[in-house]
Each structure stands twice: as structure tokens, then as C-alpha cells.
Amino acid sequence: MADSEAPQTSQGDVAPDLPAAPTSSASFWGAIREALRGSHQDYTVGPIGRSIILLAIPMVLEMCMESIFAVVDIKWVSYLGPDAMAVVGLTESMLTLMYAIAIGLSIGATATVARRIGEHNPDGAARAAIQALALGLIVSTVIALVFAPLAPRLLGIMGAAPEVVASGWGFTTVMLAGNVTIMMLFMINAIFRGAGDAAIAMRVLWLANIINIALGPCFIFGLGPFPKLGIVGAAVATNIGRGTGALYAFSRLIRKGARFEIQMHHFRLEPAIMGRLVRLSATGTFQVFIGMASWIGLVRTISSFGKYALAGYIVGIRVVLFALLPSFGMSNAAATMVGQALGAKKPDRAERAVWKAGFYNFIFLGLVGLVFVIFARQIIRLFTKDEMVVPYGVDCLRIVACGFLFYAYGMVLTQSFNGAGDTWTPTILNLFVFWLWELPLAYVLAIVFGFGPRGVFLAITIAFSTLAVVSAIFFKRGKWKLKVV
């Protein structure tokens, strides 16, 4: 796969007056600096490798920041004991519904905004952005009103012991009630990514995390003038951090001088645009829900082996997500490249960008997976010293990391379908791989064959590897290039 592409116009003619691809080390580091500052480059022309770097670096750092929320919470909460850790894990599992909707809506927002930017239609991008935010606000309000009052009952349904429910239902209530902060961060950052303004989304998560890291121990342990809220304090700090980040992101979205400007006349509901976003995002939401709901099934299976196995699984998966979420940053870069290239009528450029991003992700996750396999015990001990929990966390980390090389391409390919607006293909693949393959396999390996928690970990690795192979087969067929958004 070539590292670069000769710059072309939308009709495909070579544009010799555009700069050539950088080849020196100085140019490489210059691209990194430009990516961190923020670039207003036209990603439908120029070297593909450089475009991916400019998009991927801030997106990777953005995803690192998102994963730090989970890692910081579980680190501070671990001092409160395994019951508190179990509450955090079970609550995150329940939040999969909200995450599925947020990510599904963001898929529609990114694909639509990217396509409009590729078509050089900034007004269309602004209109799509506002309608996407309106949808997010409506949905998050419904989630808070319906599910927050049911927090204790939901914990019980998830298999939490009575003492776990009694000590942790407040955390679950606050997280469900404040889900609007997560929704708005996902939506606004998705709009920035679709427009190619990935550096702004990165800075938003920096701000949110700094606040969460600073306030977490203050609210949990009652440091200084702060009240001692225990596990509830973790939820309060997280919502304050995310809420502040969302407000800052919105201020940048309506600021003048961006790739598209939002005017007062854009702040009205447009049923036609909202309807298209709903149709596109509904499939994306179901797609993500399929994958995330499978985690609920896995948690339900592994919780049958006791709270120590569940706590070990939670720690191990949190560490895995710390590695995989940055890889989603690379995947999001590929999705933006695909959407904008298709908008500019350059499907071949879109395909080359996907394979290039997949290769970069392959190298990154391969190295991370090797570190996880070798140093699993040392890594898990950074998050828990409980000798009853550590062995389960080590098994989870090592077994799941063995599939990282497959995950690398699988994540990029899935997001590339979404970036093209072809949300049905990955939805069908997720339905088969996770519900008809992973969940039954986990039950059979763990309980029928007697592998215990290791059976669940093996099922995760096998399922994600299967998804990567099948996704590559469908991607090569090329039907995604014909999708109209």
C-alpha cells in the first residue's frame, strides 16, 4: 500500500501546485506538531499517510483521555473494597444502553458531517450538527427519567448481592441521572471529528479528565472542604468533569472561524434532516447495542463465579479498554477519511486510507499486546492488591491481549463501514459474532466445559478475531463505496 497519493481535484486531475508528501524526519515531527495544534487541511487531497497522522494523533489522545475516566474511577474506588469495584463494573455494564445510543447517534453525526465537508457544503454540516445535538438531548433526558429511579432494582437484576446494592446504588443513580454529560461529549466530539477538527475534541477530553482526576479523591475521601461521599463521590466527580468538558466543547462549536459556522437560524428543528439522522443512527445504535449488550451477558456469566472473579474481570477489561480506546481513535480517523473522500467522489482514496490506518493500528496493538502478556501481573497489581482478585485479572488481561492483532484491523474496518454510512453491514456482523457466537461460546467454555472465568476470556478473544476476518471479507467486496448519505 502506497504511503501517499498525488493530490487531485474532485474530478481526479492532478493538482501539481499542492505540496508534495513529506518524507523527512523533520516533516514527520512537523506533522505531529500540526496535529496537536489543530489543522485545517483538506483531507480529500494530499498524502494519505500524512492525513491519517493529522487526524489520528488527536483522536488517539482523545480516546486515551476517555479511557482514563474509567481507569481513574476504578483506581480510587479500589481502596473502598471489592464490593465498590463490583458496583462500578455493574453500573458500567448497565450504561451500555446509553453508550450504544450515544455512539450510534455519533456515527450518524460523523458520517453526515464528514460527507457534507467533503462536498464543500458547510451550511449542510452546520444543520446536521444542530439536529444531532437535539436528538442527543432528547434521548439523554428520557434515559435519566426512566432509569435513574430504578438504580437499586437494576443492580439486583445484574446479579449484585444485597450488600453490594445497599452500598452502591447511589453511584448508579448519579451516573444514570447525569448521562447527558456523556451524551453531549460523544455528540459534539463526533461532529468535530467528522469536520476534521480532531484536536478540539482532544482538548475537550483533556479538560474533562483533569477535573475528574482532581475532584475524584476529594469527593470520595472528603479531602479538605469537600464532603466525604464514598463511591458516590466518584460519580459526582466524573459528571462534573464531563459536564465542564461538554460546555467547553459547545462553546467551540458555535465559535466563529471553524470549518463551518453555526448561525442563529440553525437552532431550529428540521424534521427532514433529523429523520435522515435517525434512520442512519438507528442502525448504528442497534449495531453498537449488540456489541455492548454482549458485555452484559458476559458479566452475568462471570458473576456466577463470585465477586472476586467479577472484580478481576472488571480490572482486566478496564486495562484492555485503555489500550483499545486509543485504537478506536485510529479507527475514527479512518472513518473521517472515508466519509470525506466519498463526499469528494474519491472511493479509491477512501479504501487506501482504511488499509493504511489498519496497518498503523496493527503495529500499535501488537506492541501493546506483547507488553500485556509479559507484564500482566505487574499491571494488574497497579490497580488492586487483593490476592483473591489478582489471578483473575491476570488471566483476563493475558488471554484477551492475545487477540490484539486481529482487533487492530477489525476496529478500523468496522468504523470505516460506518464512516461511509453503511451501518447495516457491521450491524449484521455484530449480531452474528456477539449474540450467536460469543455469548453461547462463553457459556459453553466456562460452565459446560468447566473452564470457569477463563472460558469467558477465551470467548472474547475468539469472537473479536472472528469479527476482524469476516469484516475484511465484506470490506473487499466494496459495496460500502456506493452508499448515499
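Keep in mind that this is a model prediction, so the values were computed, not measured. Note on numbering: residues in each chain are counted from 1, in written sequence order. In keeping with the predicted nature of the model, local features appear solely for residues at pLDDT of at least 70, side-chain atom pairs appear and are counted solely at 80 or more, and the whole-chain, interface and lining totals rest on all residues. With hydrogens and water set aside, each side-chain value is computed from the structure's full complement of heavy atoms.

Turning our attention to the overall build of the protein. Regarding its fold elements, the protein presents 18 helices and 0 strands. Taken against the 2.2 N^0.38 rule, which gives 23 Å for 485 residues, the C-alpha radius of gyration of the protein at 22 Å falls within 12% of a compact globule. Judged by the C-alpha coordinates and their principal axes, the protein covers about 65 × 50 × 45 Å. When each of the 485 residues of the protein is scored for burial, the buried share is 60%. Two residues qualify as a contact provided that any one of their heavy atoms is within 4.5 Å of a heavy atom in the partner residue. Pairs at least 24 apart in sequence give 81% of the contacts found in the protein among residues at least 6 apart. Here the accessible surface of atoms and residues is derived via Shrake-Rupley with a 1.4 Å probe, and residues count as covered only by protein chains that are part of the display. Accessible surface, the protein as shown: approximately 19000 Å² in total, 70% of it carbon and sulfur. Per the convention used, a helix needs a DSSP run of H or I reaching at least four residues, while a strand needs a run of E reaching at least two, with both numbered from the N terminus. Here the radius of gyration uses the C-alpha set of atoms, whereas the globule reference equals 2.2 Å times the residue count to the power 0.38. Remark: exposure states derive from per-residue accessible area (1.4 Å probe, protein chains only) relative to the maximum for the residue type, with buried under 20%, exposed over 50%, and partly exposed in between.

The next thing to look at is unusual backbone geometry. In this structure, H120 is a non-glycine residue whose phi angle is positive, near 60°. Among the secondary structure elements, H120 is positioned in the loop between α4 (96-118) and α5 (122-147). Residue classification places H120 among the exposed residues on the basis of a relative accessible area of 59%. With phi around 65°, K345 is a residue other than glycine that occupies positive phi space. One can find K345 in the loop between α12 (307-343) and α13 (347-374). The exposure class assigned to K345 is exposed, which follows from its relative accessible area of 65%.

This part is about the layout of surface pockets. As a volume, the largest pocket reaches approximately 320 Å³. Any residue with an atom within 4 Å of a point lines the site, the site being either a cavity, points on a 1 Å grid over the protein atoms alone where a 1.4 Å probe fits but cannot get out, or a pocket, an open set with protein on both sides within 12 Å along at least 5 of 7 lines. In terms of lining residues, the largest pocket is bounded by 18 residues, among which T112, R276, L277, L280 and V485 are the most central. Residue assignment for the lining of the largest pocket shows that the elements contributing at least two residues are α4, α5 and α11 (271-302). Looking at the lining of the largest pocket element by element, the count peaks at 6 residues for α11. Residues are grouped as follows: Ala, Val, Leu, Ile, Met, Phe, Trp, Tyr, Cys and Pro are nonpolar; Asp, Glu, Lys and Arg are charged; all remaining types, including Gly, are polar. A class-by-class count of the residues in the lining of the largest pocket yields 7 nonpolar, 6 polar and 5 charged. Grid points are joined across faces, edges and corners, and a volume is the space filled by probe spheres set on the points.

Residues belong to one nonpolar core when they are buried, are Ala, Val, Leu, Ile, Met, Phe, Trp, Tyr or Cys, and are joined through side-chain atoms within 4.5 Å. Membership of the largest hydrophobic core comes to 119 residues, with the highest contact counts inside it found for F260, Y313, F372, F404 and Y407. Apart from the residues within four sequence positions on either side, Y407 is in contact with L324, L365, V400, I460, T461, F464 and S465. Residues A350, A353, A357 and V412 belong to the second largest nonpolar core, which totals 26 residues.

Values of pLDDT, the confidence the predictor places in each residue, fall between 0 and 100. Across the protein, pLDDT averages 84, with 91% of residues at or above 70. Of the regions scoring below 50 in pLDDT, residues 1-24 engages in 36 contacts with residues more than four places distant in sequence or in other chains.

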